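Inside the fold
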Amino acid sequence: QAQLVESGGGLVQAGDSLRLSCVASGRTFHVNAMAWFRQAPGKERETVATINKNGRLVYYADSVKGRFTISRDNDKNTVYLQMNNLKPEDTARYYCAADEDPYGMPTVASSYEYWGQGTQVTVSL
(Lines give C-alpha, C1' and ligand atoms only; values in the text may rest on other atoms or scores of the structure.)
Protein backbone atom coordinates (compact mmCIF):
# COMPACT_ATOMS: atom_id res chain seq x y z
CA GLN A 1 0.00 0.00 0.00
CA ALA A 2 1.11 3.53 -0.77
CA GLN A 3 -0.06 6.46 1.29
CA LEU A 4 -0.49 9.91 -0.24
CA VAL A 5 -0.64 13.21 1.65
CA GLU A 6 -1.46 16.47 -0.08
CA SER A 7 -0.62 19.98 1.08
CA GLY A 8 -0.53 23.52 -0.23
CA GLY A 9 -4.18 24.37 -0.64
CA GLY A 10 -5.73 27.56 0.63
CA LEU A 11 -7.86 30.61 0.00
CA VAL A 12 -6.55 32.93 -2.68
CA GLN A 13 -7.80 35.65 -4.99
CA ALA A 14 -8.33 35.32 -8.72
CA GLY A 15 -5.02 35.68 -10.55
CA ASP A 16 -2.96 34.32 -7.64
CA SER A 17 -0.81 31.20 -7.66
CA LEU A 18 -0.58 28.12 -5.46
CA ARG A 19 1.64 25.07 -5.48
CA LEU A 20 0.20 21.80 -4.30
CA SER A 21 2.45 18.99 -3.12
CA CYS A 22 1.73 15.31 -2.66
CA VAL A 23 4.15 13.09 -0.77
CA ALA A 24 3.95 9.34 -1.23
CA SER A 25 5.12 6.88 1.40
CA GLY A 26 4.99 3.13 1.92
CA ARG A 27 4.87 1.04 -1.24
CA THR A 28 6.29 3.76 -3.47
CA PHE A 29 8.63 1.57 -5.51
CA HIS A 30 5.73 0.27 -7.59
CA VAL A 31 4.14 3.66 -8.19
CA ASN A 32 4.10 4.59 -11.86
CA ALA A 33 1.85 7.38 -13.05
CA MET A 34 0.63 10.04 -10.65
CA ALA A 35 -2.12 12.54 -11.10
CA TRP A 36 -4.15 15.39 -9.71
CA PHE A 37 -7.93 15.34 -9.75
CA ARG A 38 -10.42 17.83 -8.37
CA GLN A 39 -14.00 17.81 -7.27
CA ALA A 40 -16.23 20.79 -6.65
CA PRO A 41 -19.45 20.55 -4.62
CA GLY A 42 -22.21 18.99 -6.66
CA LYS A 43 -19.88 18.08 -9.51
CA GLU A 44 -18.14 14.92 -10.60
CA ARG A 45 -14.46 14.36 -9.94
CA GLU A 46 -12.45 15.54 -12.92
CA THR A 47 -8.92 14.96 -14.11
CA VAL A 48 -6.64 17.97 -13.79
CA ALA A 49 -3.23 16.64 -14.81
CA THR A 50 -1.28 13.39 -15.00
CA ILE A 51 2.40 12.53 -15.25
CA ASN A 52 4.22 9.32 -16.04
CA LYS A 53 7.02 7.68 -14.08
CA ASN A 54 9.93 9.57 -15.59
CA GLY A 55 8.08 12.86 -15.91
CA ARG A 56 8.46 13.10 -19.66
CA LEU A 57 4.82 12.46 -20.48
CA VAL A 58 2.12 14.73 -19.11
CA TYR A 59 -1.55 15.37 -19.70
CA TYR A 60 -3.64 18.43 -18.84
CA ALA A 61 -7.33 19.08 -18.91
CA ASP A 62 -8.21 21.77 -21.42
CA SER A 63 -9.48 23.98 -18.61
CA VAL A 64 -6.02 24.23 -17.01
CA LYS A 65 -3.68 24.11 -20.00
CA GLY A 66 -1.24 27.00 -19.97
CA ARG A 67 -1.96 27.78 -16.31
CA PHE A 68 -1.12 24.59 -14.38
CA THR A 69 2.08 22.56 -14.44
CA ILE A 70 2.49 19.07 -13.04
CA SER A 71 5.94 17.78 -12.08
CA ARG A 72 7.47 15.12 -9.88
CA ASP A 73 10.62 14.45 -7.90
CA ASN A 74 11.03 10.68 -7.63
CA ASP A 75 13.89 11.02 -5.14
CA LYS A 76 11.46 12.75 -2.79
CA ASN A 77 8.45 10.63 -3.80
CA THR A 78 6.62 13.87 -4.43
CA VAL A 79 4.38 15.19 -7.18
CA TYR A 80 3.61 18.88 -7.53
CA LEU A 81 0.92 20.98 -9.16
CA GLN A 82 1.89 24.57 -9.84
CA MET A 83 -1.28 26.57 -10.39
CA ASN A 84 -0.99 30.04 -11.86
CA ASN A 85 -3.61 32.62 -12.79
CA LEU A 86 -6.20 30.88 -10.64
CA LYS A 87 -9.85 31.43 -11.44
CA PRO A 88 -12.97 31.07 -9.27
CA GLU A 89 -13.94 28.03 -11.33
CA ASP A 90 -10.77 26.32 -10.08
CA THR A 91 -12.33 26.17 -6.62
CA ALA A 92 -12.48 22.51 -5.60
CA ARG A 93 -10.95 19.88 -3.40
CA TYR A 94 -7.80 18.63 -5.11
CA TYR A 95 -6.78 15.00 -4.80
CA CYS A 96 -3.50 13.30 -5.55
CA ALA A 97 -3.59 9.78 -6.97
CA ALA A 98 -1.06 7.09 -7.83
CA ASP A 99 -1.15 4.12 -10.20
CA GLU A 100 0.91 0.91 -10.05
CA ASP A 101 0.25 -0.20 -13.62
CA PRO A 102 3.75 -0.31 -15.18
CA TYR A 103 2.40 0.60 -18.59
CA GLY A 104 0.91 3.83 -19.80
CA MET A 105 -0.35 6.93 -18.06
CA PRO A 106 -4.07 6.72 -17.36
CA THR A 107 -6.18 9.86 -17.35
CA VAL A 108 -9.29 8.43 -15.71
CA ALA A 109 -9.83 8.26 -11.98
CA SER A 110 -10.90 4.62 -11.99
CA SER A 111 -7.40 3.55 -13.07
CA TYR A 112 -5.70 4.90 -9.95
CA GLU A 113 -5.28 2.64 -6.94
CA TYR A 114 -4.16 5.07 -4.28
CA TRP A 115 -5.65 8.38 -3.22
CA GLY A 116 -4.91 11.13 -0.76
CA GLN A 117 -7.46 12.86 1.43
CA GLY A 118 -7.37 16.01 -0.64
CA THR A 119 -6.57 19.66 -0.07
CA GLN A 120 -9.06 22.49 -0.52
CA VAL A 121 -8.41 25.28 -3.00
CA THR A 122 -10.76 28.25 -2.89
CA VAL A 123 -10.40 31.12 -5.34
CA SER A 124 -12.34 34.31 -4.71
CA LEU A 125 -13.00 37.19 -7.08
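Structure: above.
In short, a report on the structure. These numbers were taken from a predicted model, which means no experiment stands behind them. (Residues numbered from 1 in each chain as written. Predicted model: local features only at pLDDT ≥ 70, side-chain atom pairs only at ≥ 80, totals over all residues. Heavy atoms only, no water.)

Some points on the sheet that holds strand β8 (residues 78–83)
Taken together, the four strands give an open sheet; going across it, the order is β1-β3-β8-β7, and neighbouring strands pair in antiparallel fashion. Bordering the open sheet on either side are β1 (2–7) and β7 (68–73), each of which pairs with just one other strand. The mean inter-strand angle of the sheet, taken between neighbouring strand axes irrespective of direction, is 15°. (Pairing = 2+ DSSP bridges. Helix = DSSP H or I, 4+ residues; strand = E, 2+ residues; numbered from the N terminus. Axes fitted to C-alpha atoms, helices over the stretch in contact; angles between N-to-C directions.)

Structural notes on the environment of Tyr103
Inspection of the secondary structure puts Tyr103 in the loop between β9 (92–98) and β10 (114–115). The exposed category is assigned to Tyr103, whose relative accessible area is 68%. Spatially, the C-alpha atom of Tyr103 lies 30 Å from that of Asp90, the residues being 13 residues apart in sequence. (Buried < 20%, exposed > 50% of the residue type's maximum accessible area, 1.4 Å probe, protein only.)

Here we look at the state of the cysteines
Any covalent bond linking the sulfur atoms of two cysteines counts as a disulfide. In total, this model carries one disulfide according to the counting rule given. A sulfur-sulfur separation of 2.1 Å characterises the disulfide bridge that pairs Cys22 with Cys96. Taking the torsion about the S-S bond as the criterion, the Cys22 to Cys96 disulfide, at about -75°, is left-handed. Remark: Cys96 occurs in strand β9 and Cys22 occurs in strand β3 (residues 18–26); sequence separation between them is 74 residues. What makes Cys22 buried here is its relative accessible area of 0%. (Disulfide = S-S within 2.5 Å.)

Digging into the nonpolar core
Ranked by size, the top nonpolar core spans 30 residues in total, and within it Met34, Trp36, Leu81, Met83 and Tyr94 carry the most contacts. Of all elements in the fold, only β1, β3, β4 (34–39), β5 (46–51), β7, β8, β9 and β11 (119–124) reach the threshold of two or more residues within this core. Within the second largest apolar cluster, six residues are counted, among which are Ala33, Ala35, Ala97 and Tyr112. (Core = buried A, V, L, I, M, F, W, Y, C linked by side-chain atoms within 4.5 Å.)

Structural notes on the side chain of Arg67
In this structure, Arg67 sits in the loop between β6 (58–60) and β7. Of note is the side chain of Arg67, whose polar atom sits 2.7 Å from the side chain of Asp90. Apart from the residues lying within four places of it in its own chain, the contact partners of Arg67 are Gln82, Met83, Asn84, Asn85, Leu86, Lys87 and Asp90. (Polar contact = N/O pair within 3.5 Å; in protein donor to acceptor, adjacent residues only side chain to side chain. Contact = heavy atoms within 4.5 Å.)

Let's talk about unusual backbone geometry
Trans is the prevailing form of peptide bonds, just as negative phi is the prevailing case for residues other than glycine. Although it is not a glycine, Asn77 adopts a positive phi angle of roughly 50°. Relative to the assigned elements, Asn77 resides in the loop between β7 and β8. Phi angles above zero are rare outside glycine, and Asn85 is one such case at about 50°. Inspection of the secondary structure puts Asn85 in the loop between β8 and β9. Classification of Asn85 by relative accessible area gives partly exposed; the value is 42%.

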